[in-house]
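Take a look at the letters that make up each chain.
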Amino acid sequence: MSRTKQRLSEYARTLDCVHCGLCLPHCPTYGVTSREADSPRGRIYLMRGWAEGRLDFDTGADSHLDSCLVCRACESVCPSGIRMDEMMESFRAERPGGPRVSPLGRFLLREIIPNRRRVAAATKALELYERSGLPGVTQRVLDRVAPPLARAHAMRPRIEPRTDAIEPGSTWKPTGVPRAKVGLFLGCVAAEWLAPVHRATVKVLLGNGCEVVVPESQTCCGALHRHAGLLDDARTLLDRNARAFPADLDAVIVNAAGCGASLTTPFHDSDSPGANAAAPRATPYRDVAAFLHELGWTAKTRPLRRRVAYDQPCHLVHGQRVPAHVVTDLLQQIPGLELVPLAGSERCCGAGGVYNLLQPTMADAVLAEKVDAIVRSGANTVVTGNPGCLLQLRHGLRDHAIEVRHPIEVLADGLA
Amino acid sequence: MSLPDPFRELARRFPADRFLTDRTELFVYECDGLPVHRQPPAAVVLCETRDEVVACVKWCAANEVPFVPRGAGTGLSGGATPVRGCLLLDLNRMRAIRKIDARSRYAVVEPGLINVRLTEAAKPHRLMYAPDPSSQTACTLGGNIAENSGGPHCLKYGVTIDHVLGLEVVLPDGEVVRLGGPIADHPDHDLVQLFVGAEGTFGVVTEITLRLTPDPPEVRTFLAIFDSMAKACRTVTEITRSGIVPVALEILDRRTIEAVEASVNRAGYPTNAAAVLLVELDGFAAGMDEEERAIVAMARANDPIELRSARDPAERVALWKGRKGAFGAMGRVDTDLYVLDGVVPRTALEETLEKVYEIADRYRVKVSNVFHAGDGNLHPNISYDGRDADVTARVLAAGEEMLRACVAAGGSISGEHGIGLEKRDFMPLLFGEGDLALMTGIRDAIDPEGIANPGKGFPDRRAKRRKARA
Ligand SMILES: Cc1cc2nc3c(=O)[nH]c(=O)nc-3n(C[C@H](O)[C@H](O)[C@H](O)COP(=O)(O)OP(=O)(O)OC[C@H]3O[C@@H](n4cnc5c(N)ncnc54)[C@H](O)[C@@H]3O)c2cc1C
Ligand code: SF4
Ligand code: SF4
């Protein structure tokens, strides 16, 4: 068994699967292709077969493992307690040839994303580009010459105005004696691209009597690095974050489900040096909705006339096991707001970090199902608490009169 | 990957993403819910229409290539395990509900539809599809037909066969027949009965007409937790003797309880629990109070650690959760799981269980029991490490002996999981030579070439011939 150990450090995890098949209907990619190799059971079987030396990957054959969204829906339903995130993380890091990341991807992940100033500069460039009138031309050219690039281009984020951005290094005090003292986790690109979400988060926390500190030296959560198999990079980032937040906080508030899941999930490639060094649990990261729900809503509200559907980010419901009612209970604090049920709200929207850029065909198919359900729900606002999902749903709903917001933004709108 | 020539000709008729020949893709189809048997198929085709099924089956007949139908692959007797050189017909993409007739209470569906989807679709009409295998959120109705599946609620409502009104079948020569229909006493209804439980050896089911059952107006669920298995079994015997027919009477033993408590389906059972008995009643509220009181009294008389009852749907789901997730939760005990399926007279439950534990000890294997106590359907689950050949051999031997114990107690070797590959060699335990000859005779009349899921249910007499040719 030493050989198998070498091949996949999470090999033992693959043995948790008893091949019962209960996960199949919950897997978005299996829903699209109906191919066993695109299902949780199939993927685990492939990893196990490979680790045991019964199967060798010819070129491209591990595409079924790359097509996993790591949405972790299978984990929520598997009675055997499989951990797809851990298996995928270890597989993508350890497969023949190592992590498969393009030079551009590696450059972005290593040189841009962990550095706030560079992210800001890149954002500025994007904004200039957006205002220049070039995007229309580029889109038309790409549509003709390079459809995959054209898609990526069409999906580029529309950067939201950064007036009143929450600046790193700031502190916010509520009126009266604070009920809690919390840190705000900013993330990498979200801080620049989705400034209104951070603003709304601070507003709602203040309204509910929390003091908020925003430490300067925090950085990216490392989730994308982990997805890609760049575990050492992810570990370094985790360490930097652990040092950034002071020890006296009741919680470090995370408003991006993907970051939250990554920050609270320990590393599991226990064979590689320095594993678990960062001990992510030491920092009390909490999802913003889960934290507010537990703290108890005390802010004054005003009515909002909206029909709202809640789409659950995978990394909140499956990754952090925060059930839907935690978010909808909060939304119900706003008078006049009508919640409408959304079929399949626990199913992935196809965003999957940067999955939608790497696996566009599958992502589109998964997204189509989601858009359909949202339209059928009759909502005029859909809320979801994760930047990737926000961008993905905005892209999917671009031809519909349905607003896509972070739940915290709707809550902020409902503050008196 | 080089395919035998004739396959290539068939492959041309399908888009590449529905005709799979890549070694990696085939590898994952090599087993079903019983991974002791493994054999990759020569090719997999994901059929979307009956006509595609016909084309494939005709091609198989013309080229003497065996075919194996496959639903969700949750089967526990190797029914969907490929046979050498076969074409695997995956039916998951045929999943439409063609019709729900609420007034006449029936539905017409395609075979790849997942069992629970039918009940979901019938719900607005206050109807349900009654047979509810514990795998109902994943298994297909085609698979249910082929295995004549049961479920916890079948004690009162009957198993699959009692709910099938009509079938459309592609016979092993590619001819399509329609049997039965929405009217229950259709002249050829008996033929329908013959095809239910055939495990794919009589051809491929491509459309199913199923009876729908009115949603019961009232449901009550209780759970009695005991510190010994004997007390739970005694309660079951008393309930059945009283003449009350619950919809479900299920028992979980100590090891199952431990595994369930460690899983996502944890139900909050006390740690000193040795047996959990789940009882469900349904029907009209009138009279139910009385039945409820009687059952509670019987459970009380056997000195339970705890009694719980659920009156609203959410509480009920919680009580059922542990039971429905029990098999999967056993995955925590060891790497592999062998789920056995045997039936004994209800009066022999306790002594057979004793025997099962004794056999397990003797073979040094870990057994747990979760079973449909109401109809004497035992499911000893053996957890083991399938990578160890010696352990696997002991598991199989212990399993065989457990099934023999069921037969010895006056029972049978399959309650609901079918014979498949797993138990075909045990058939002679139950049936005389004459019975077996009759059964194989019927099969040979329907499948003279022996290409429809050969080797399942009965020993494959043609395997040798095919091998010689290959
Ligand atoms: C966790 C778990 C719990 C279970 N609980 C129960 C239970 O409570 N009761 C019970 O009875 N079973 C139970 N089972 C066993 C299994 O789910 C059933 O046998 C189910 O009916 C199989 O359906 P499937 O779609 O997975 O079929 P598969 O496993 O894919 O196939 C089963 C058989 O059906 C044949 N077949 C499939 N589709 C067709 C078709 N369209 N035409 C002809 N033949 C076809 C196959 O060739 C094979 O022989 C359980 C299994 C698991 C893993
Ligand atoms: S539900 Fe879990 S144990 Fe069952 S097949 Fe899926 S991953 Fe394996
Ligand atoms: S993580 Fe999501 S996409 Fe990947 S196997 Fe599980 S359910 Fe499927």
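Check the secondary structure of chain A and you find 23 helices and nine strands. Viewed in the frame of its principal axes, chain A has a C-alpha envelope of about 65 × 50 × 40 Å. Within chain A, the proportion of its 416 residues that are buried is 59%. Restricting to contacts in chain A with at least 6 residues of sequence separation, those with at least 24 account for 75%. Carbon and sulfur atoms provide 56% of the accessible area of chain A, an area that totals close to 16,600 Å². Counting 50 positive and 44 negative side-chain charges, chain A places the averaged centre of each group 3 Å from the other.

Scanning chain B from N- to C-terminus turns up 17 helices and 20 strands. Its C-alpha atoms give chain B principal-axis dimensions of roughly 70 × 55 × 45 Å. Counting only residues that meet the buried cut, chain B has 59% of its 470 residues in that class. The contacts in chain B between residues at least 6 apart in sequence include a share of 71% that link residues at least 24 apart. Carbon and sulfur atoms make up 51% of the accessible area of chain B, which totals about 18,300 Å². The average position of the 57 basic charges and that of the 67 acidic charges among the side chains of chain B differ by 3 Å.

Take the sheet that holds strand 10 (residues 204-211) of chain B next. Across a sheet, strands are paired by hydrogen bonds formed along the backbone, either parallel or antiparallel in direction. Residues and elements named next belong to chain B. Taken together, five strands build an open sheet; the order of strands is 5-6-10-8-9 and the sheet is antiparallel. Each having just a single partner strand, strand 5 (97-101) and strand 9 (176-180) make up the two edges of the open sheet. Within the sheet, the average angular offset between the axes of one strand and its neighbour, ignoring direction, is 10°. Bridging between strand 8 (residues 164-170) and strand 9 involves five bridges; their strand directions are antiparallel. Pairing of Leu-167 across the sheet is with Leu-179, part of strand 9. Contacts between helix 3 (residues 50-63) and the sheet are confined to strand 8, strand 9 and strand 10, with strand 8 contributing the most and set at about 50° to the helix.

Packed helices, taken two at a time, are described by the angle between their axes plus the distance between the axes. Residues and elements named next belong to chain A. Where helix 21 (residues 360-377) contacts helix 22 (residues 387-396), the axes come no closer than 10 Å and their chain directions differ by 75°. With respect to helix 22, the element helix 21 is oriented roughly perpendicular. Along its contact with helix 21, which presents Ala-363, Leu-367, Lys-370, Val-371 and Ile-374, the element helix 22 presents Gln-392, Leu-393, His-395 and Gly-396. Of the residues that constitute the contact of helix 21 with helix 22, the class distribution is five nonpolar, three polar and one charged.

Looking now at the site of ligand 2. Neighbouring ligand 2 are Cys17(A), Val18(A), His19(A), Cys20(A), Gly21(A), Cys23(A), Arg41(A), Ile44(A), Cys78(A), Pro79(A), Ser80(A) and Ile82(A). For the shell around ligand 2, the class distribution of residues is eight nonpolar, three polar and one charged.

Moving on: the site of ligand 3. Taken together, the neighbourhood of ligand 3 is formed by Cys27(A), Pro28(A), Pro40(A), Arg43(A), Cys68(A), Leu69(A), Val70(A), Cys71(A), Arg72(A), Ala73(A), Cys74(A) and Met84(A). Only helix 4 (40-51) and helix 6 (73-77) of chain A provide two or more residues apiece to the shell around ligand 3.

A word on the pairing of strand 2 (residues 43-46) of chain B. Note on strand geometry: in a regular strand, side chains alternate between the two faces of the sheet. All names here are of chain B. Residues Ala-43 and Val-45 point to one face of strand 2 and Val-44 and Leu-46 to the other, with burial holding for every one of them. Of the strand pairs in this sheet, strand 1 (residues 19-20) and strand 2 are connected by two bridges, and their pairing is antiparallel. Counterpart to Phe-19 in the pairing with strand 2 is Val-45. Where strand 2 meets strand 4 (residues 87-90), four bridges bridge the pair, whose relative direction is parallel. Within strand 4, the position partnered with Val-44 by the bridge is Leu-88.

We now examine the domain arrangement of chain B. Taken as a whole, chain B is organised into domain 1 (5-90), domain 2 (97-214), domain 3 (218-328), domain 4 (334-408) and domain 5 (424-469). Each of domain 1 of chain B and domain 3 of chain B was reduced to a C-alpha centroid, and the two centroids are 42 Å apart.

Attention now goes to the confidence of the model for chain B. Looking at chain B as a whole, its pLDDT mean stands at 90, while 96% of the residues score no less than 70. At the level of chain-chain contacts, confidence expressed as ipTM amounts to 0.90, with global pTM at 0.89.

To continue, consider the sheet that holds strand 4 of chain B. Residue and element names in this part refer to chain B. Overall, mixed pairing links the four strands, which are arranged 1-2-4-3 in an open sheet. Lying at the two open borders of the sheet, with one neighbouring strand each, are strand 1 and strand 3 (67-70). This element, helix 3, spans strand 2, strand 3 and strand 4 of the sheet and lies at about 165° to strand 4.

Another point: the interface of chain B and chain A. Frequently, the measure chosen for interface size is the accessible area removed from exposure when the parts meet. Listed per partner, the contact involves 40 residues of chain B and 41 residues of chain A. With both sides pooled, the region where chain B packs onto chain A buries about 3,100 Å², and carbon together with sulfur makes up 52% of that total. Per-residue buried area on chain B facing chain A is highest for Thr24(B), Phe27(B) and Arg387(B); these three make up 20% of the total on that side. For Arg54(A), the salt bridge goes to Glu30(B), with nearest N and O atoms at 2.6 Å. Inspection of the region where chain B meets chain A yields 15 residue pairs in polar contact (both at pLDDT 80 or more). When residues of the side of chain B that touches chain A are assigned to their parent elements, the largest contribution, four residues, is made by helix 2 (residues 23-27) of chain B. A breakdown of the residues in the side of chain B that touches chain A according to their chemical character gives 13 nonpolar, 13 polar and 14 charged.

Oppositely charged side chains may form a pair once their charged atoms are brought near each other. In total, this model carries 60 salt bridges over all chains according to the counting rule given. Of the charged contacts in the structure, one is a salt bridge between Glu400(B) and Arg404(B), with a shortest N-O distance of 2.7 Å. Remark: Arg404(B) and Glu400(B) occur in helix 14 (residues 389-408); sequence separation between them is four residues, near one turn of the helix. We classify Glu400(B) as partly exposed; its relative accessible area is 27%. Residue classification places Arg404(B) among the partly exposed residues on the basis of a relative accessible area of 40%. Linked by salt bridges that have partners in common, Arg13(A), Asp16(A), Arg72(A), Glu75(A), Arg83(A), Asp85(A) and Glu86(A) make up one network.

All names here are of chain A. On the surface, Leu-134, Val-137, Val-141 and Val-145 cluster together into a nonpolar patch covering about 340 Å² of accessible area. Here Val-145 shows up in helix 10 (residues 134-145). Overall, the relative accessible area of 62% leaves Val-145 in the exposed class.

Looking now at helix 15 (residues 231-244) of chain A. For helix 15 of chain A, spanning 14 residues, the distance from its first C-alpha to its last is 20 Å, which sits close to the expected 20 Å at 1.5 Å a residue. All of the buried residues in helix 15 of chain A are Leu231(A), Asp233(A), Ala234(A), Arg235(A), Leu237(A), Leu238(A), Asn241(A) and Ala244(A).

On inspection of all chains with the given rule, the structure shows seven aromatic pairs over all chains. Between Tyr45(A) and Phe27(B), the aromatic rings sit 5.2 Å apart at their centres with planes inclined by 45°, giving tilted as the arrangement. With Tyr45(A) in helix 4 and Phe27(B) in helix 2, the pair connects residues from two separate chains. The exposure class of Phe27(B) is buried, given its relative accessible area of 4%. A connected cluster of aromatic rings, assembled from ring pairs, spans Phe185(A), Phe245(A) and Tyr285(A).

Next up on the list: unusual backbone geometry. Even without a glycine there, the phi angle at Val70(A) is positive, about 50°. Here Val70(A) shows up in the loop between helix 5 (63-66) and helix 6. Non-glycine residue Asp303(B) carries a positive phi angle of around 60°. Mapped onto the fold, Asp303(B) is located in the loop between helix 10 (288-301) and strand 15 (306-310). Since its relative accessible area comes to 47%, Asp303(B) is described here as partly exposed.

Right, let's talk about the side chain of Asp16(A) for a bit. Relative to the assigned elements, Asp16(A) resides in the loop between helix 2 (11-14) and helix 3 (28-33). Setting aside residues up to four positions removed in sequence, Asp16(A) forms contacts with Ser80(A), Gly81(A), Ile82(A) and Gly331(B).

What counts as what
Every chain's residues receive numbers from 1 upward, in the order its sequence appears when written. All chains are assigned letters beginning with A, and all ligands numbers beginning with 1, in the order in which they are written. Reporting of local features is limited, given that this is a predicted model, to residues whose pLDDT is at least 70; pairs of side-chain atoms are given and counted only at 80 or more, and all residues count toward the totals for whole chains, interfaces and linings. Excluding hydrogens and water, the side-chain values take into account all heavy atoms of the structure. By definition, any uninterrupted DSSP run of H or I lasting at least four residues is a helix, any uninterrupted run of E lasting at least two residues is a strand, and each is numbered from the N terminus. Three labels apply to residues, based on accessible area from a 1.4 Å probe with only protein chains included: buried if under 20% of the type maximum, exposed if over 50%, partly exposed otherwise in between. Here a residue-residue contact requires only that any non-hydrogen atoms of the pair lie within 4.5 Å. For every accessible area listed, the method is Shrake-Rupley and the probe measures 1.4 Å; residues are considered covered only by the protein chains on display. Positive charge is attributed to Lys and Arg, negative charge to Asp and Glu, and no charge count is given to His or to the chain ends. In this description, the location of a charge corresponds to atom NZ of lysine, CZ of arginine, CG of aspartate or CD of glutamate. Here the rule is simple: two strands pair whenever DSSP picks up at least two bridges between them. Every axis in this analysis is a line fitted to C-alpha atoms, fitted for helices over the stretch in contact. Angles between the N-to-C directions lie between 0 and 180 degrees. Our angle categories are set so that under 35 degrees counts as roughly parallel, over 145 as roughly antiparallel, 65 to 115 as roughly perpendicular, and the remainder as oblique. Residue classes follow a fixed rule: Ala, Val, Leu, Ile, Met, Phe, Trp, Tyr, Cys and Pro count as nonpolar, while Asp, Glu, Lys and Arg count as charged, and any other residue, Gly among them, counts as polar. The near set for a molecule or strand comprises every residue that places at least one heavy atom within 4 Å of it. Domain start and end points were adopted from an automatic or database domain assignment. You can read pLDDT as the predictor saying how much it trusts each residue, on a scale of 0 to 100. Summed over both partners, buried area is the accessible surface (1.4 Å probe) that two parts give up on being assembled. Salt-bridge detection follows one rule: a side-chain nitrogen of Lys or Arg within 4 Å of a carboxyl oxygen of Asp or Glu. Polar contact is defined as a pair of N or O atoms within 3.5 Å, subject to the rule that within protein one atom must be able to donate a hydrogen and the other to accept it, and that residues adjacent in sequence are counted only when both atoms are side-chain atoms. Candidates for patches are residues over 30% relative accessible area with no salt bridge; among them, like charges are joined within 9 Å and nonpolar side chains (Val, Leu, Ile, Met, Phe, Trp, Tyr) within 5 Å. Under the convention used throughout, the expected extent of a helix is 1.5 Å for every residue step, that is, one less than its residue count. Ring pairs are drawn from Phe, Tyr and Trp, using the six-membered ring of Trp, whenever the two centres fall within 6.5 Å, and their geometry is named by plane angle: stacked under 30 degrees, edge-to-face over 60, tilted for the rest.

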